[in-house]
Amino acid sequence: MRTPWSILALLWSAGQASAALPADIKAGDIVQVQLAQLHPTQAAIGYRQLDYKQHRYEAEPKKLFDDYCESMGQKGVDKFDSQSRLSQPSSFRCKAPVGSEPGPMKTAVIAPDNVLYLTDGHHTFSNFTDIAGLNTPVQVRITNDFRSLKTMSAFWQKMEAAHLVWLDTPSGKIQPDALPKELGRQHMQNDEYRSLVYFVRDIGFDKEQNPPPFLEFYWGKWLETQLPLKNFDLNNRSGYAKAIETIAEKMTSVPKDTVIAHSDSGALTADRLGARKKVNEKKLEKLVSDDGKLTWAFAQ
């Protein structure tokens, strides 16, 4: 019988401890830390997105180790076996040294309190947390060192100005001190719109190489004003598929100069957020097919 990931996570989390940060850490460095050392800069994630990945991982373990290695900038997994565990990187081998391909790596900043705040990768690392535990070692790329700021208040002002923190939640805007202290589904709120936007990617909108920060959240906030989710049954695959199709149609039909959100850098239009000219029907068919992401997301 297959052991559920949730049970494995409990086993592998036993006795977890948070190691100290390297004394000479600086912006531009790639450092190894435990997941427990990374504090979220958003309070919500999309649970259905997590479901998709976790169900894929259970059925295709190679996908899990591929994603882990890619997130470490190591191109993918080269060798693993039934005894391999994320919590023990020595139990498998990636294709390249850490940081060989830095693009997919997750990023963090250093705060004045000498704590690392994760600025990209909340879904990926939350899945790793739920599967392997908070003591799992990961590599992150440090983009900013804010330890020269005198207070945490100044830090959060800087983070908001740089669009490195998202304080909106399904239940309203929060203050920085209300952000969760740990990654993982049990510590973060579920944002249904955020999951839906994830699945609509490449169908209703395209994500360019250097997109605006929090692009999916901006789309989600706009959809919240346009499309009440009470109109859909999101608890089954067919109802969820209908919601995705409706969202894709709405994204592609809205005039491209429509302002979807405002940021400090100006208005973010539908065009700037990647709205497609028409729904990608082939990608939509693939999404809802028997081997598509949505089928995996609702797997039992």
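Look a little higher up for the structure.
Residues numbered from 1 in each chain as written. Predicted model: local features only at pLDDT ≥ 70, side-chain atom pairs only at ≥ 80, totals over all residues. Heavy atoms only, no water.

Participant: What exactly am I supposed to notice about the side chain of Asp-29 here?
Facilitator: Looking at the secondary structure, you find Asp-29 in the loop between helix 1 (5-13) and strand 1 (30-34). Looking at Asp-29, its side chain comes within polar contact range of the main-chain nitrogen of Lys-26, at 3.0 Å. Those residues in contact with Asp-29 that sit more than four places away from it in its chain are Asp-24, Val-140, Arg-141 and Ile-142. (Helix = DSSP H or I, 4+ residues; strand = E, 2+ residues; numbered from the N terminus. Polar contact = N/O pair within 3.5 Å; in protein donor to acceptor, adjacent residues only side chain to side chain. Contact = heavy atoms within 4.5 Å.)

Participant: I'm lost on the state of the cysteines in this one. Help?
Facilitator: Formally, a disulfide is one covalent bond, and it connects the sulfur atom of one cysteine to the sulfur atom of another. For the structure on display, the rule yields one disulfide. Note that Cys-69 is cross-linked by a disulfide to Cys-94, the S-S spacing being 2.1 Å. Disulfide Cys-69-Cys-94: the torsion about the S-S bond is -75 degrees, which places it as left-handed. Linking Cys-69 in helix 3 (residues 61-71) with Cys-94 in strand 5 (residues 93-94), this pair joins segments that are 25 residues apart in sequence. Accessibility classification places Cys-69 together with Cys-94 in one group, the buried group. (Disulfide = S-S within 2.5 Å. Buried < 20%, exposed > 50% of the residue type's maximum accessible area, 1.4 Å probe, protein only.)

Participant: Can you help me understand the environment of Asp-264 in this one?
Facilitator: By the secondary structure assignment, Asp-264 is in the loop between strand 10 (259-263) and strand 11 (266-269). Exposure remark for Asp-264: the relative accessible area of 64% places this residue in the exposed category. Sequence-wise, Asp-264 and Glu-160 are 104 residues apart; in three dimensions their C-alpha atoms are separated by 9.4 Å.

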